[in-house]
Amino acid sequence: MKYLSLCFLFLVVSCAKTKHVVIVGDLDSPRLAYAMDKLSGVLLENNYHVTISDRLPENSTDRTIIIGEKGSENWNLNTSDLNIDDSGLTEKEGFQITSFGQVTYIEGTDASGVLYGTLDLVDRISETKVLPDSINKKDAPEMVLRGTVIGIQKPEYLPGRTVYEYPYTPENFPWFYDKDLWIEYLDMMVDNRFNSLYLWNGHPFASLVKLDDYPFAVEVSDEDFKKNEEIFKFVTEEANKRGIWVIQMFYNVLVSKPFAEHYGIKTQERSRPITPLLADYTRKSIAAFIEKYPNVGLLTTLGEAMNIIDDDVEWFTKVIIPGVQDGLQAIGETNEPPIILRGHDTDAPLVMKKALPLYKNLYTMNKYNGESLTTYEPRGPWAETHRKLSEAGSTHISNVHILANLEPFRYGSPDFIQKSVKAMRNVHGANALHLFPQTSYWDWPYAPDNTEPRLLEMERDWIWYKAWARYAWNSQRDRTEEIGFWQDQLSHKYGVGSGAGILKAYEEVGEIAPKTLRRFGITEGNRQTLLLGMFASQLVNPYKYRVYPGFYESCGPEGEILLEYAKKEWEGEPHIGETPLQIINEIVNHGKAAVEAIDAATPHVTKDVTEFNRLKNDMYCYNLFANFFSEKVKAALLILRYSYSNTIEDLDQALPHLEKSVAYYQELVNRTKDTYLYANSMQTELRRIPIRGNDGKNKTWEELLPHFQKELEVFKHNIEMLKPDNGGEIIKTFKTLEPVKVDILNEDATSFLLKKGQKVYTDNEAEIDEVARELRHLSGVQFSDKDQQENGSVLHFKTDKAVKILVGYFSTNSFTVLAPPTLETNAQANNRGQADIKIANAMLVSGLYPVNIYSYRYDPGEHKLKLGKGRVLILGFIDGNEKIVIHDAGITNKEEGKAIDWLFY
């Protein structure tokens, strides 16, 4: 390249004292050109004359900065007269900065290393306002991938669609086409040294590529398609300049709506088998995408819309990988773009074993604490899954996912985050980070605050991104030095002297949500919004609400849940590990300390006062939440004690605690009703705890308050009913469910009455021992026990009216039974209202397990209920509009305290 070519820049800024700097590097490299532009910008801001060139000027006496990639032609040309020792420069994205006289050399292992080395110098100049006379530094990141997530999703479903189905259009996502917004976000990423950006969507291909064989599959107009092409090209090119690799995520098996309508099928259906049509369409979609965007990676979720592990293996090895290979072959490319396999709802180690011989550039990914942030001491079966994936022969990525327990308040505990990154590496064996927004994933790019204009999530939660990125780069930083670093950062943002108090507040509230969820929650998934609270019935009987398997064993240190603690207290047994009483005391202390710290910082705040006041309000909200929850747990503990003592005084003592919890919740309502639009950004029927979120309802504290007030009033009433006039016990009864007639179309179908002594299988002697009174008029459909376990169950029926099918799932983790609907792994698990237990412990079957009742609703017509492999019971049909009061019938083979959640009905 010649001097004064199009890439040659000469920039002059007048100043009192002449200071010349020459920046030399490869202008043909987008990443190096970006780095030189950033460096020249900060020098110009500080009154330097800047010249940018690709060659070292002869006989120059000016300060010179030479940047380059180790071993590159340009680097060798400009450093040929020096003997720079770069033998230790071996790690990906590593760099070293050395000074010799008037010349500073920034050398990177690769182009990203050069970029990061240059940005390191940029940061130094920004802080000191001068170009250092001498600098010698070497650095490289610990984690090879450090990525953030943007969900191209929405808080609610689109009309006529279901979960994850969001075409890329200006109507759905106007922000997607905002180039200034993308530049701001990508600049935030590179400033924090993130190097990967994940775009999450159910089926993006129908918005980004067109297929000759399936022209009708495109979901957007020609005009929008062109816009999508332009913006996707823009984003990927701008990301590349900043050393950021774009990865497009998609779910399986999910097809476009026009494709589904053309063939008369559903867009997604967990129970359907792989068909040649589905495989061909998906393979060609992937091939077309790779052909068009060969430098964009793919992240795939095999679970949720697929039913069995064998299908997962076949789909990955015979559809996804061949699709990528087809796209590469079409453009004559041999470099394999990375494919990332999520461990979610699949046997990822088995899939990897089958896939690695076919494709080498594979990565694995799994959720760190599930869909929340609960601990830096992970253990149990989930930790074992991480370790297996980290040993699968590729880089393993830890996914900080959804953060359902942190929404919507600000979270920024550097200590908790640093310890979590260490756990990712040391316990899980991960060497990469995949980071979701701290809040409002489903409503990105906006924060949940009630402001006009809306706050941008990336700006509000700056500390979230900065902390995770800082420790993904180096998790071994000295704790004492880190305290000083973060205090300086916060003082710079809010005012000199404010940093210590604000950091203290962040650290204190940083423990509240994690500790609360791991000890009292029902799931780490986004079907539970922790900071809206929980009902007392959920505390005293969490298993009725379907505790996610492995949650308690994996998402925190060893300890006891409330049920275990109450039983041990009654029986005088010693406690083990973290206890509920310990945690409620700790979260109250954390909340009190946070408020004291933020109050102490307030007089020192001189900058960004409006945002500080929002942060301060969040600290007060956390404090109120901690007190609300603590009082409710105290009440629940006494209620559980009553289940053993049968002493009314225990309930009398619980009442004041429940009253206090409602009073604290009222204060929480007062602090949030004008400051927050919502507590959770997912506002669909998938959200179930503490209460259903259908139609965008029950997403604020103000909406929840009447429910908690009613809970209190019902509890008061039932205590009174328990007093001596009623003999000391309420006989709680529920409406008997009446059967409706349907036509069973299964061949040789037989039925059985829901009565003691009735056999539930055609080829098994197991019979009903006990059944809830409200089910006594119903009759079930008999299946073969052997056939259920080997092939699954299909109920073929016809009905003239809307009905609910009552399905009995066995309450056990045995491999012989079918697992009940689980929203954590199956996004379709509530499409017929089947996600919740309707009657817990409703029946006992000899030699088997207690049975929980779920219901599936069907409109008039002919239908097939398809259930997977494993034992399950079809227990009858009732009117489709019949409301079942959710309760625990208390029929169990466990010798524990009696069921008591009826106290709240």
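About the criteria used
- Residues numbered from 1 in each chain as written.
- Predicted model: local features only at pLDDT ≥ 70, side-chain atom pairs only at ≥ 80, totals over all residues.
- Heavy atoms only, no water.
- Helix = DSSP H or I, 4+ residues; strand = E, 2+ residues; numbered from the N terminus.
- Rg over C-alpha atoms; globule rule 2.2 N^0.38 Å.
- Buried < 20%, exposed > 50% of the residue type's maximum accessible area, 1.4 Å probe, protein only.
- Contact = heavy atoms within 4.5 Å.
- Areas by Shrake-Rupley, 256 points an atom, 1.4 Å probe, with all protein chains shown as cover.
- Lys, Arg positive; Asp, Glu negative; His and termini not counted.
- Charge placed at Lys NZ, Arg CZ, Asp CG, Glu CD.
- Pairing = 2+ DSSP bridges.
- Phe/Tyr/Trp six-rings, centres within 6.5 Å; stacked < 30°, edge-to-face > 60°.
- Expected span 1.5 Å × (residues − 1).
- Axes fitted to C-alpha atoms, helices over the stretch in contact; angles between N-to-C directions.
- Parallel < 35°, antiparallel > 145°, perpendicular 65-115°, else oblique.
- Nonpolar A, V, L, I, M, F, W, Y, C, P; charged D, E, K, R; others polar.
- Patch = residues over 30% accessible without salt bridge, like charges linked within 9 Å, V, L, I, M, F, W, Y side chains within 5 Å.
- Salt bridge = Lys/Arg side-chain N within 4 Å of Asp/Glu carboxyl O.
- Left-handed = near helix turned anticlockwise from the far one by under 90°.

K.L.:
Outline the overall build of the protein chain, listing residues and values.
P.N.:
Along its length, the protein chain carries 25 helices and 26 strands. In terms of overall dimensions, the protein chain is globule-like: its C-alpha atoms have a radius of gyration of 30 Å, near the 29 Å expected for 905 residues. Structurally, the protein chain occupies a C-alpha span of about 100 × 65 × 45 Å along its principal axes. Burial statistics for the protein chain: of 905 residues in total, 60% are counted as buried. Taking the intrachain contacts of the protein chain between residues at least 6 apart in sequence as the baseline, contacts between residues at least 24 apart amount to 75%. Of the roughly 35200 Å² of accessible surface on the protein chain, 48% is carried by carbon and sulfur atoms. For the protein chain, the separation between the mean place of its 100 positive charges and that of its 128 negative charges on side chains is 2 Å.

K.L.:
Tell me what's going on with unusual backbone geometry, and back it up with residues and numbers.
P.N.:
Cis geometry is adopted by the peptide bond preceding V253, which originates at N252 and carries an omega value of -15 degrees. Summarising the element assignment, V253 is placed in the loop between strand 10 (245-252) and helix 7 (257-263). Of note in this structure, N59 is not a glycine but carries a positive phi near 55 degrees. In this structure, N841 takes a positive phi of about 50 degrees despite not being glycine.

K.L.:
Requested: an account of the sheet that holds strand 16 (residues 743-744), with residues and values cited.
P.N.:
Pairing in this open sheet of three strands is antiparallel, and the strands run 16-20-24 from one edge to the other. Two strands in the sheet have a free side with no partner beyond their single neighbour: strand 16 and strand 24 (861-867). Where strand 20 (residues 793-799) lies against strand 24, seven bridges are found, and the strand directions are antiparallel. Each residue of the ladder has a partner; that of K798, found in strand 24, is E862.

K.L.:
Please provide a residue-by-residue account of the packing of aromatic side chains, values included.
P.N.:
Under the criterion given, the structure shown has 58 aromatic pairs. A centroid spacing of 5.6 Å and a plane angle of 40 degrees characterise the contact between F625 and F629, whose relative ring orientation is tilted. Placement of the pair is F625 and F629 together in helix 22 (residues 609-645), with a separation of four residues, close to one helical turn. F629 shares its class with F625; the two are buried. Grouped by ring-pair contacts, the aromatic residues Y166, Y168, F173, W175, F176, Y177, W182, Y185 and W444 constitute a single cluster.

K.L.:
How would you explain helix 24 (residues 701-722) if you had to name every residue and give the values?
P.N.:
An ideal rise of 1.5 Å per residue puts 32 Å on 22 residues; helix 24 measures up with 31 Å between its terminal C-alpha atoms. Inspection of helix 24 places W701, L704, L705, F708, E711, L712, V714, F715, N718, I719 and L722 among the buried residues, and these make up the whole buried set. Buried residues belonging to helix 24 abut helix 18 (536-540), helix 22 and helix 23 (648-672).

K.L.:
Describe the packing of helix 1 (residues 30-45) against helix 3 (residues 111-128), naming the residues involved and giving the relevant values.
P.N.:
As a packed pair, helix 1 and helix 3 sit with axes 9 Å apart at the nearest point and diverge in direction by 5 degrees. Taken together, the axes of helix 1 and helix 3 lie roughly parallel to each other. Contacts between helix 1 and helix 3 pair R31, L32, Y34, A35, K38, L39, V42 and L43 from the former with A111, S112, V114, L115, T118, L119, L121, V122, I125 and S126 from the latter. Within the contact of helix 1 with helix 3, the residues separate by chemical class into 13 nonpolar, three polar and two charged.

K.L.:
I'd like a description of the environment of E767, backed by residues and values.
P.N.:
As for its placement among the helices and strands, E767 is situated in the loop between strand 17 (750-753) and strand 18 (768-771). Residue classification places E767 among the partly exposed positions, given a relative accessible area of 32%. Residues E767 and L624, 143 residues apart in the sequence, show an inter-C-alpha distance of 51 Å. For E767, the residues in contact, after removing those within four places along its chain, are G757, Q758, K759, L844, V845 and S846.

K.L.:
So what about a negative patch on the surface? Which residues, and what values?
P.N.:
Taken together, the side chains of D178, D180, E184 and E459 present a region of like negative charge at the surface. Positionally, D178 belongs in the loop between strand 8 (145-151) and helix 4 (179-191). Assessed through its relative accessible area of 34%, D178 is described here as partly exposed.

K.L.:
I'd love a proper account of the packing of helix 15 (residues 479-494) against helix 16 (residues 499-509), names of residues and values included.
P.N.:
Between two packed helices, both the angle of their axes relative to each other and the distance between the axes serve to describe the pair. Axis separation between helix 15 and helix 16 bottoms out at 8 Å; the angle between their running directions is 115 degrees. By the angle between their directions, the pair helix 15 and helix 16 is classed as roughly perpendicular. Crossing of helix 15 over helix 16 shows right-handed handedness. Judged by residue contacts, R479, I483, W486, Q487, L490, S491 and Y494 of helix 15 engage G499, A500, I502, L503, Y506 and E507 from helix 16. Along the lines of polarity and charge, the residues of the contact of helix 15 with helix 16 split into eight nonpolar, three polar and two charged.

K.L.:
Help me get a handle on the environment of V851, residues and values and all.
P.N.:
Assignment of secondary structure puts V851 in strand 23 (residues 850-858). Given the relative accessible area of 0%, V851 is considered buried. Each C-alpha atom of the pair V851 and V771 lies 9.3 Å from the other, and the pair is 80 residues apart in sequence. Excluding residues within four positions of it along the chain, V851 makes contact with G808, Y809, F810, I839, A840, N841, A842, M843, V845, L873 and L875.

K.L.:
Please give an account of the pattern of salt bridges that cites residues and values.
P.N.:
Considering all chains together, one arrives at 55 salt bridges under this definition. Close ionic contact of D133 with R63 constitutes a salt bridge, the shortest N to O distance being 3.6 Å. Of this pair, D133 sits in the loop between helix 3 and strand 7 (137-139) while R63 sits in strand 4 (residues 63-69), and the two are 70 residues apart along the sequence. Given a relative accessible area of 64%, D133 falls into the exposed group. Notably, a salt bridge pairs R146 with E93, separated by 2.9 Å at the nearest N-O pair. One end of the pair, R146, is in strand 8; the other, E93, is in the loop between helix 2 (73-78) and strand 5 (95-100), with 53 residues separating them in the sequence. Take R146 and E93: they sit in the same class, and that class is buried. Linked through salt bridges whose partners overlap, the residues forming this network are R410, D449, R460, D461, E611, R614 and D618.

K.L.:
Residue-level account of the pairing of strand 6 (residues 103-108), with values.
P.N.:
When you tally the buried positions in strand 6, you get six out of six residues, the bulk of the element. Of the two faces of strand 6, both are covered, the one formed by V103, Y105 and E107 as well as the one formed by T104, I106 and G108. Inspection of the sheet shows strand 4 paired to strand 6 by six bridges, in the parallel sense. When the bridges of strand 6 are listed, I65 appears paired with T104. Of the strand pairs in this sheet, strand 5 and strand 6 are connected by six bridges, and their pairing is antiparallel.

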